[in-house]
Structures are given as structure tokens and as C-alpha cells.
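# Structural description and commentary
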Amino acid sequence: TNVLPRGQKLICKAGKVLADAASLSSMQVGDGSKVMLIASQGLHQGEGPITKNSSGLAPSAKRTSNVKDNQTLKPEIISKSRAERWKITGVIALSGSNLKAVPEEVWDCGSSIRVLDVCNNSIEAIPQKIAALKSLNKLLLTANDISDGGISWEGLSCVDTLTVLSLSQNRLVTLPPSLGTLTFLRELCIANNMLGSLPVEIGLLKQLEILIANNNRITSLPSSIGDCESLFEVDLSSNLLAELPKACGNLHNLKTLHLRNNGLNSLPPTLFKKCWRLTTLDLHGTGITNDILRQMEGWEEFDERRRQKYQKQLDFRVGSSGVFDEGADDDNRHA
């Protein structure tokens, strides 16, 4: 039947399920009785599900068998085109496929698609046709050749279901103001580009939870970053930041902040006091030392939170090397 065993059920007589432990006599199955095989949808294997048009078993159809003669017909297996499979699963996985452009058949899938993964290719453009994927949740474009102007932001703004956008490892120098139209975005990954700044409109992303922007050339952040009230993880490591806007203290849900390898010499004075959920702070490779941190208001509470988190990691042996990281360098690091 081309159906995984866990997706198979045998029934007889008014829908009674034939349990594995039962016998034919206990279930009153005798000569001439009809036994039907029910297949759960989505539990096929091999060449793919057998379609309703074939002579075999459809995902939700019943197949009858005569117990007396015990003859079984071999089902005809019909392979679906990849576009049909995409529509069924809602996932287009084309990572590492040596693509220079997104295949045209992708856009024909329309609102059936929830995930489009074309990472690790040589794609240069995402056209206006992206607007056809009206149910898209995740757009993964990491490690391509996309530069400024290569993305139709107008088309992308029509996809109001998009929650994850990954543009890391491309050739982006700037992000347009239209980024702010992606108001349902929860995760934005723009690491390893050549970005010099973030648009002011990023503050319109009220639902943004994760911002990964390490390894760029960002020299400053707009104060509107403080309006991204849902942010709980921010990675701005290995940029050219000289300071952070005071508005960063408004990120009350912030838990993780990576700032290593920047030109920072100070933090917003209210960071520890207002960001009361902050437990992970990485300032290695900056001008901010542990002594400077200890003088900030709210340091004691922050230190207690992160040590409690570290102790939990030790207790459960998760994500800990056994050495507590102070989060910054000591004053004598160059001694």
C-alpha cells in the first residue's frame, strides 16, 4: 500500500477496529467478511502517496479485501511532480541546489506555501512574484548573492504572514525603510553582510523577538530600536558600534545581548535596571570592563539573575563548560 505501518488501520463491521492482540474469531471475522484498510494521510513512504486516480489506495480511501481468497492487488504508484509535493507539504526546500534564480514553479504554488528555503545558492534576486506566496511564514535566503535592490520589498510587504526572514551571508549594504512594513516579523537574521546601519523604521516591528546582525559594519543604532518591545535576543557582535542609544533601556523583554568586538566604552545607564530579564551579556573585546559594569545601577540584580541561570545549566548539564563567564574583560587583560 506504500503506507507506513503506523498509519495503517484495519476495520470491519460498522467501523470496528481490528486490534493487533485480537483474533479473527473474537472479532467475528469469518469467510466472506469484508476487511478494510484505512491509511492516515501524510504517512506514506517510498515514491510518494498513491493518488485517488490510481488503482491503489488513496490516503483517505478504503480498500476492501476478501478474507476467503486472500488475494491482494498490487497498487499502481504514481509519482507526484515536485510542485505538487510542495503544495501538499507547504514546504519548498531547495537549499544547496546550485540555483541562480528561484524556479518559476515556486510562484505558481501560491498560498499553499508556508516555508521557502533557498539557502546556499547563487540567487541574486527575489522578484515581485514573492507576493503570490500569501501564506508564507519563513523565507530563508542565507548564503546567496543578493545585493541592494535585489529584493522586491514591495512584493515582500504584501506577505503579511511572514514571521522569519533570513538574509545572512549576502551582499547587502543598506536595508530600505520598507523593512518596517513587515510588521508580523518575529525573527530577522542579517548577519555577515556589509550593512552600515539599520533603518529608523525597524522600530515599527513591534513583534520582532530575535535580531541577529553580527559581522556587519554598523556604526550606530537608531533610537527607534527601543520601540521593538518584544525583542528578547539581540546579536550585534563584530560591528563598529561606538555607543548604544539610551532607548535600549526600553527593551524590557531583553534576555540575551551580544556586543563583543565593538568600540563600546559604555552602556545605557538604565540597561540593567530596566531590562530586568537580561541574563546573558557578552562584552568581550570592547572597552567595557567588569569593573565598569559593577558600578552600573542594577548590576547586583543582573549578576544574581545570570548566576542563577548558570547554576541551572550546571544542574541540568546544558550549555555550560563549567567555567562562569563574567561577560566582559578585566582591566588587566593586556598586562
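Here the structure is shown first, and the text comes after it.
A short tour of the structure in this document, coming up. In this text, all values refer to a predicted model and were calculated from it rather than measured experimentally.

### Comments concerning the nonpolar core
Counting 69 residues, the largest nonpolar core has Leu165, Leu267 and Leu293 as the members making the most contacts within it. Where this core is concerned, the elements lending two or more residues are helix 1 (82-89), helix 2 (104-108), helix 3 (153-156), helix 4 (271-274) and helix 6 (299-316). Each residue touching Leu293, except ones within four places of it in the same chain, is listed here: Leu267, Phe272, Leu281, Leu283, Ile288, Trp299 and Ala328. Residues Cys12, Leu18, Met27 and Val29 belong to the second largest nonpolar core, which totals 5 residues.

### A closer look at the packing of aromatic side chains
A complete count under the given rule lists 3 aromatic pairs for this structure. Judged by centre distance (4.6 Å) and plane angle (15°), the rings of Phe272 and Phe302 are stacked. With Phe272 in helix 4 and Phe302 in helix 6, this residue pair connects regions lying 30 residues apart in the sequence. In this structure Phe272 comes out as buried when scored by relative accessible area, which is 2%. Note on Trp299 and Phe302: the rings are 5.8 Å apart at their centroids and 55° apart in plane angle, and the pair reads as tilted. Residue Trp299 and its partner Phe302 are both found in helix 6; the two are separated by 3 residues, about one turn of the helix. Across the pair, Phe302 and Trp299 agree in class, each one buried. Counting every residue linked through ring pairs, the aromatic cluster contains Phe272, Trp299 and Phe302.

### With respect to the pattern of salt bridges
Per the counting criterion, the structure on display carries 9 salt bridges. Here Glu104 ties to Lys129 by a salt bridge, and the two come within 2.6 Å at their closest N and O atoms. Here the residue Glu104 occupies a position in helix 2, and Lys129 occupies one in the loop between strand 6 (115-117) and strand 7 (138-140), the gap between them amounting to 25 residues. Take Glu104: its relative accessible area is 47%, and that puts it in the partly exposed class.

What counts and what doesn't
Residues numbered from 1 in each chain as written. Predicted model: local features only at pLDDT ≥ 70, side-chain atom pairs only at ≥ 80, totals over all residues. Heavy atoms only, no water. Core = buried A, V, L, I, M, F, W, Y, C linked by side-chain atoms within 4.5 Å. Buried < 20%, exposed > 50% of the residue type's maximum accessible area, 1.4 Å probe, protein only. Helix = DSSP H or I, 4+ residues; strand = E, 2+ residues; numbered from the N terminus. Contact = heavy atoms within 4.5 Å. Phe/Tyr/Trp six-rings, centres within 6.5 Å; stacked < 30°, edge-to-face > 60°. Salt bridge = Lys/Arg side-chain N within 4 Å of Asp/Glu carboxyl O.

The values are spatial; any link to function lies outside them.
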